[in-house]
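One-letter residues, chain by chain:
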Amino acid sequence: MRAGAAVAAVRRRSASRASTLYLFALPATLLFVVFVAYPILWVAEQSFYAGRTDGAAVFAGLANYRSVLSDPTFWIVVRNMALWCVITIPVQMLIGGLLAYFIERHTHALRGFFRTMFFLPVVTSVSVISLVWVQIYAPYYGIAQEYLRHVGIVMMTSPIGDPKTAIYALIVVNIWQWTGFSMLMYIAGIANLPSEVLDAARIDGAKGWRLAVHVIVPMLAPATKSLLLLGVIGTLQTFPIVHLMTGGGPNRASEVFGTFIFKQSFVLGDTGSGAALSVIVLVIALALSLIQIAVLGARLSPAGKEKP
Amino acid sequence: MMAPLARSRMRGVVIHAVLFIVLGFWMVPQVYMLSIGLRTPAQAFDAALFTWPVTFDNFVTVIRDNPLGGIFLNSLIITVATVAIVVAVSSLFAFACAILRLKGSMLLYTTLLTTLMVPLASMVLPLAILLKNFGWVNTYIGLILPYAALGVPFAMVILKAFMEDAPRELFEAARVDGCNAWQTYWHVALPLVRPALVFVTIWQFIVTWNEFFLALIVLTRSEMKTLTIVPMQYSGLYMANPGALFAILTLIALPLILLYVLVQRAFVRGLLAGAVKG
Amino acid sequence: MRKMLFLATTILAAALSSAAANAEQKEVTVWSWFVQSTMQKSIAAFEKAHPDVKVNYTYYNYSPEYITALKAAAASGSLPDVIGLQPGSLTQQYRENLEAVNERAAKQWGDKWAEKVFPVNRKQMLMGNPKGDENYYIIPQESQVLCIWYNRKIFEKLKLSAPKTYDELKAAAKALTDNGYIPMFQGAADGWQNENVFLMLANQFSAGIVDKAQAGETPWTAPELVAAMKAWKGLFDDGIFQQGALGAHAYPTGAQLFAQGKVGMMALGSWWMQESKFPPPLSEFVQNMDGFDFFYLPPVKDGNSASPPVGGIDIGYGLTKNGGKNPEAWTFLAELTDGVGLQEALNDLNDLPAFDGNAPKGDITDHVKEMSARFMADLPKAENQRFASPAVAEALDNALAGVAAGSVEPEAALAGVQAATEKALAAK
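Residues numbered from 1 in each chain as written. Chains lettered and ligands numbered in written order. Predicted model: local features only at pLDDT ≥ 70, side-chain atom pairs only at ≥ 80, totals over all residues.

For the record, the criterion: UniProt positions are given in the numbering used here, feature names are shortened, and annotations may be inferred rather than shown by experiment.
Under the annotation held in an unreviewed UniProt entry, chain B carries the name sn-glycerol-3-phosphate transport system permease protein UgpE and is attributed to Mesorhizobium robiniae. A UniProt comment under Subunit (unreviewed entry) is attached to chain B, and it reads "The complex is composed of two ATP-binding proteins (UgpC), two transmembrane proteins (UgpA and UgpE) and a solute-binding protein (UgpB)." What UniProt records for chain B under Sequence similarities (unreviewed entry) is the sentence "Belongs to the binding-protein-dependent transport system permease family."

Written out as structure tokens, the structure reads:
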């Protein structure tokens, strides 16, 4: 409770200059209003108009929304996005967290080396990554099959060429690319742990896994929380990997919101339904962030501050 | 029974071994990429991780054929400015949100968070119109400010989470010492979340350095182009030499790796700072 | 931190002050996805002929870069003077932003200028225009003819000849596979490559049927098209295409493997002759096109004849409304499509012109000359390759991928294309 009192005190003291405190929020607000809020309002307006071939836009009411929601592709996209979220986020957290834990607590001389090597995929350009992975997945002339053959596995098709497996194959690439990011986040979290807490826990007899699970994991809550948020954001923003590797195919099996919106507005030239899709994504995003703030904001945060 | 020391050394060896094995698999695509950059067109898509002999011709070609100096400078100016703005603006906002708990800041936080999830493909058209109206097409500022606006929410999420988790006693101590809000922000909040600041810096640098969607529509004149434009000419339909593409992309990634190697040490310093405080 | 803020302010100030670019007197701005080095040569030739004009070319990769940049520029009214276009859907998307070029062209080349353009190109220039709009919004620069290329050195080694029947094609594919080559490389992850092969097949069953189908005159579910769709599936099942084709891309992977002599056949077009003009090192096959020759897809069913040539405009250019206000913009466009600019492009790439009476000059081997002549002889009778509506092309891409993957039956897949066609025609 002391914390709250301190903050309240800071606030009280400066009450006379409360308005100047809003200067802290002003730059972000300005940037937001001009470069984010305005474009979103523009998109929202467009979503109610349909472009005709003669170039004029006519008011279309909810027609764009109706046509998007009745498009079977939309539901493939929703399914793919759900899969993407549910698989990518926990797997990345788990692998990234384990790597961070072992690297930070059990390596010394090679710490910088490991941190760098596992992080490399994050800084690698997506166009290279997609080209490389298409090549890895290729049967017959790819590199994975060349080595798998030696252990008796024969690849008959490319995982990204089969509608049933394409989305999973893309998820694997995504996890590979971004796990280093989760690792870095947890490294920042571990670096931020007050060492007296760890010492206290160790004196209490917590060791190895017990120390890790009961002391460190709860204390990494801010990192986990951030990763969860960023994971959802990253999922909805997914575009280049899918665009470059499968183009959303075969037969739209691996379509995601990014590629779907891109196709509608840029390839098919249907700005209206592209905009309607964007608004739908916005609504989904709003729901997700409210849920996250309600659930995680309330529960995880204080637990991290509790003294053991 | 093994002696505890021997056992801990044993454990160290096992952990290193496991890390190396995992790393070995992890690096396969990366090694393959570098290897393609060192291949002649004839070997480019050979089904092997390594080919022999290696050639540096691709690197020579892309360095010779592109005015990398000027392009590099464009990228650097835009990236550094964006990172500076994002770090400054987002830490101020996170402070307002997490420590000052200003009225309405949570609402704004949620809004920012939500809009962060809208795919960039939807924002390209309105941003293009906006920048045209401002007369900011083909200017640095026309790219820096939108980048900053799109980067702030992301940085803010991280900084807010870390500030909320910082020990509150320190803020109270600052109050007792007579610090006002600005001083508290500068002397207490920022040093406390240094690992997160480093993280945000690295992140924003990478994102800005690699971004091409907006760069395409804002910088339409060749002399304004950033580094991301260079690989395009090697990745198109007419690409005759994949090695050149991989070579140029390796060159573009180098500054990022260098930056990362340099600043990741800041994490260690953050750790030490914590120990001193205790 | 303080230092960083200072740095940021300094840089911002510098950025703002350097922003004001000084405008040239006479300048033409051009955007396209056309090979940068070749375009630079065309521009150099143009600037030599018109010393008072400077051309500023911006290269974009086609997708997503070029189509994004175009759309953004169109939305904000900042299109350059001249833009690269594909006939049909891309041109139609920007018709409102383009000048009709009929009068300018007539003034430049005489009233009968359009007759110099090959018929299939002329048809594509008007494709997708609203009823009654006989204006041209695109001037073609280069043409193409689709075909199956094969590596004649490999074929010779395996004692194969260019297949005349489907059985011969199957036998050739098998012989190639047995000897460790990729039989026919299909980048079936790319919609355009699948469309091209399907066009070859469909026109073999009934010439011009795809054109009728996309115009709504014949249903996509017509028996000929269903048969073509089944034959398409057969190319996968009969081992003609390589395994895992659906996950493969024609560029860069397929083209590279083909150029390096690891692939027996590939469905491409006349533009493959460009490969011999790329910067060295070139493979022994690509050098002077020595390793390559082409054929048209042999009859896949008894009673069919071999696929007719299919093709049309490879790339064309449009004059934007912005460019309409700049007299030099048209001058450049004209020189680029039928003038000094075109000549440079042809010399540099061995491509086919869109205007009759042009041909590559310079050091070209007899083999390339002979193939070029065959293409040029076939071009006037080529079937149309392009689609008027992007939605129809997209639906066909999906249908082809679905059928190839075995997840949709040919009839159902074509019914989907029919639905998309009806929707597109109704919207008009």
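Next comes the rest of the account.
Observations concerning the overall build of chain A
As a reminder, the rule being used: Only runs of H or I of at least four residues qualify as helices and only runs of E of at least two qualify as strands under DSSP, and these elements are numbered from the N terminus. With C-beta atoms placed from the backbone, a residue is labelled by how many other C-beta atoms lie within 10 Å of its own: buried for 20 or more, exposed for 12 or fewer, partly exposed between the two. By definition, residue pairs are in contact when their C-beta atoms, positioned from the backbone, come within 7 Å.
Scanning chain A for helices and strands turns up 15 helices and two strands. Within chain A, the proportion of its 308 residues that are buried is 48%. Restricting the contact set of chain A to residue pairs at least 6 apart, pairs at least 24 apart contribute 67%.

As for the overall build of chain B
Of the regular secondary structure elements, chain B holds 14 helices and zero strands. Along chain B, helices and strands appear, N-terminal first, in the series α-α-α-α-α-α-α-α-α-α-α-α-α-α. Once the C-alpha set of chain B is aligned to its principal axes, its extents read approximately 75 × 70 × 30 Å. Here chain B holds 278 residues, and the buried ones make up 56% of them. Excluding contacts between residues fewer than 6 apart, the proportion of contacts in chain B whose partners are at least 24 apart in sequence is 76%.

A word on the UniProt feature "transmembrane region" (unreviewed entry) in chain B
Residue and element names in this part refer to chain B. Mapped onto the present numbering, the UniProt feature "transmembrane region" (unreviewed entry) falls on residues 68–100, 107–131, 137–159, 196–219 and 239–263. Counted over residues 137–159, helix gives 83% and strand 0%. Its end C-alpha atoms are 32 Å apart. Secondary structure across residues 196–219 divides into 88% helix and 0% strand, with the first and last C-alpha atoms of the span separated by 31 Å.

Observations concerning the interface of chain A and chain C
Our working definition: Gly is put with the polar residues, along with every residue not named as nonpolar or charged; the nonpolar set is Ala, Val, Leu, Ile, Met, Phe, Trp, Tyr, Cys and Pro, and the charged set is Asp, Glu, Lys and Arg.
In this complex, chain A contributes 29 residues to the contact, which on the side of chain C involves 31 residues. Of all elements in the fold, only α7 (126–137) and α14 (257–267) of chain A reach the threshold of two or more residues within the side of chain A that touches chain C. Grouping the constituent residues of the side of chain A that touches chain C by class yields 14 nonpolar, 12 polar and three charged.

With respect to the pairing of strand β4 (residues 139–151) of chain C
All names here are of chain C. The following threshold applies: Two strands pair under a simple rule: DSSP has to find at least two bridges between them.
Most of β4 sits inside the fold, with 13 of its 13 residues counted as buried. Bridge analysis of β4 against strand β8 (residues 310–319) gives seven bridges, and the strand direction is antiparallel. Note on β8: the bridge partner recorded for Ser143 is Ile313. Sheet topology note: the β4/strand β9 (residues 352–353) ladder contains two bridges and is antiparallel. Following the sheet pairing, Glu142 is matched in β9 by Pro353. Judged from the five bridges that link them, β4 and strand β6 (residues 263–269) form a sheet pairing that is antiparallel. What sits directly across from Ile148, in β6, is Ala267. In this structure, β4 lies alongside strand β7 (residues 292–295), joined through four bridges in antiparallel fashion. What sits directly across from Trp149, in β7, is Phe294.

Describing the confidence of the model for chain A
All names here are of chain A. We count it as follows: Summary of the metric used: pLDDT quantifies the predictor's per-residue confidence within the range 0 to 100.
Residue-level pLDDT values for chain A average 81, and 86% of them are 70 or greater. For chain A, helix α1 (residues 2–13) is the element with the lowest average pLDDT, namely 49, and helix α5 (residues 72–106) is the one with the highest, namely 92. A low-confidence stretch, residues 1–6 stays under pLDDT 50, and its non-local contacts, those more than four residues away or across chains, total eight contacts. A low-confidence stretch, residues 298–308 stays under pLDDT 50, and its non-local contacts, those more than four residues away or across chains, total 16 contacts.

Considering the environment of Thr68 of chain C
With respect to the element layout, Thr68 of chain C can be found in helix α3 (residues 62–75). With near-sequence residues (within four places) excluded, Thr68 of chain C lies in contact with Phe266 of chain A together with Val124, Phe213, Leu216 and Ile217 of chain B.

A closer look at the nonpolar core
We apply this condition: The nonpolar core is taken to be a set of buried Ala, Val, Leu, Ile, Met, Phe, Trp, Tyr and Cys residues joined by way of C-beta atoms within 7 Å. Domain start and stop positions are those given by an automatic or database domain assignment.
The biggest cluster of nonpolar side chains holds 326 residues, and the ones touching the most others in it are Phe95 of chain B together with Leu201 and Trp232 of chain C. Taken domain by domain, this core gets at least three of its residues from each of domain 1 (24–143 + 311–384) and domain 2 (146–310 + 386–427) of chain C. Setting aside residues up to four positions removed in sequence, Trp232 of chain C forms contacts with Val197, Phe198, Leu201, Leu400, Val403 and Ala404 of chain C.

A word on the packing of helix α3 (residues 26–46) of chain A against helix α4 (residues 68–98) of chain B
The cut-off we apply is this: The angle between two axes is taken between their N-to-C directions and runs from 0 to 180 degrees, where each axis is a line fitted to C-alpha atoms and a helix contributes only its stretch in contact.
Where α3 of chain A contacts α4 of chain B, the axes come no closer than 7 Å and their chain directions differ by 115°. Residues Pro27, Ala28 and Leu31 of chain A of α3 of chain A lie in contact with α4 of chain B, whose contacting residues are Val89, Ser90, Leu92 and Phe93 of chain B. Among the residues making up the contact of α3 of chain A with α4 of chain B, the classes are represented as six nonpolar, one polar and no charged.

As for the confidence of the model for chain B
Residue and element names in this part refer to chain B. The predicted model of chain B has a mean per-residue pLDDT of 81, with 91% of residues at 70 or higher. Between the elements of chain B, mean pLDDT differs from a low of 48, seen in helix α14 (residues 265–277), to a high of 90, seen in α4. With pLDDT under 50 throughout, residues 270–278 is counted as low confidence; its partners more than four residues away or in other chains account for 13 contacts. Under the prediction, the complex receives an ipTM of 0.81, its pTM being 0.86.

Focus on unusual backbone geometry
Residue and element names in this part refer to chain C. Residue Pro64 follows Ser63 across a cis peptide bond; omega there is 5°. Mapped onto the elements, Pro64 comes out in helix α3. In this model, Tyr251 is joined to Pro252 through a cis peptide bond whose omega is 0°. You can see Pro252 is positioned in helix α12 (residues 250–259).

Looking at helix α8 (residues 168–176) of chain B
Residues and elements named next belong to chain B. Counted only if it meets this: Taking the helix axis as origin, the arc is that swept by the directions to the C-beta atoms.
Taken as a whole, α8 has its buried residues at Phe171, Ala174 and Arg175. Taken down its axis, α8 places every buried residue within 100° of arc, on the same side. Exposed side chains of α8 directed beyond 90 degrees from the buried face belong to Glu169 and Val176. At the exit of α8 stands Gly178, carrying a positive phi of roughly 85°.

Remarks on the packing of helix α6 (residues 120–134) of chain B against α3 of chain C
Note the cut-off: Here the word oblique covers every angle except those under 35 degrees (roughly parallel), over 145 (roughly antiparallel) and from 65 to 115 (roughly perpendicular). Crossing handedness: left-handed means the near helix sits turned counterclockwise from the far one by under a right angle, and right-handed means the same turn made clockwise.
Viewed as axis vectors pointing N to C, α6 of chain B and α3 of chain C meet at an angle of 45°, and their least axial separation amounts to 8 Å. The orientation of α6 of chain B with respect to α3 of chain C, classified from their angle, is oblique. By crossing handedness, the relation of α6 of chain B to α3 of chain C is classed as right-handed. Contacts from Val124, Leu125, Ala128 and Ile129 of chain B in α6 of chain B reach Thr68, Lys71, Ala72, Ala73 and Ala75 of chain C in α3 of chain C. Residues belonging to the contact of α6 of chain B with α3 of chain C are distributed by class as follows: seven nonpolar, one polar and one charged.

Here's the deal with the environment of Ala215 of chain B
All names here are of chain B. Along the chain, Ala215 turns up in helix α11 (residues 213–218). Separated by 12 residues in the primary sequence, Ala215 and Leu227 place their C-alpha atoms 9.8 Å from one another. When near neighbours in sequence (up to four residues on either side) are disregarded, Ala215 contacts Leu143, Thr226 and Thr228.

Observations regarding the environment of Ala169 of chain A
Summarising the element assignment, Ala169 of chain A is placed in helix α9 (residues 166–192). Residues within four places of Ala169 of chain A in sequence aside, it is in contact with Tyr137, Pro159 and Ile160 of chain A.

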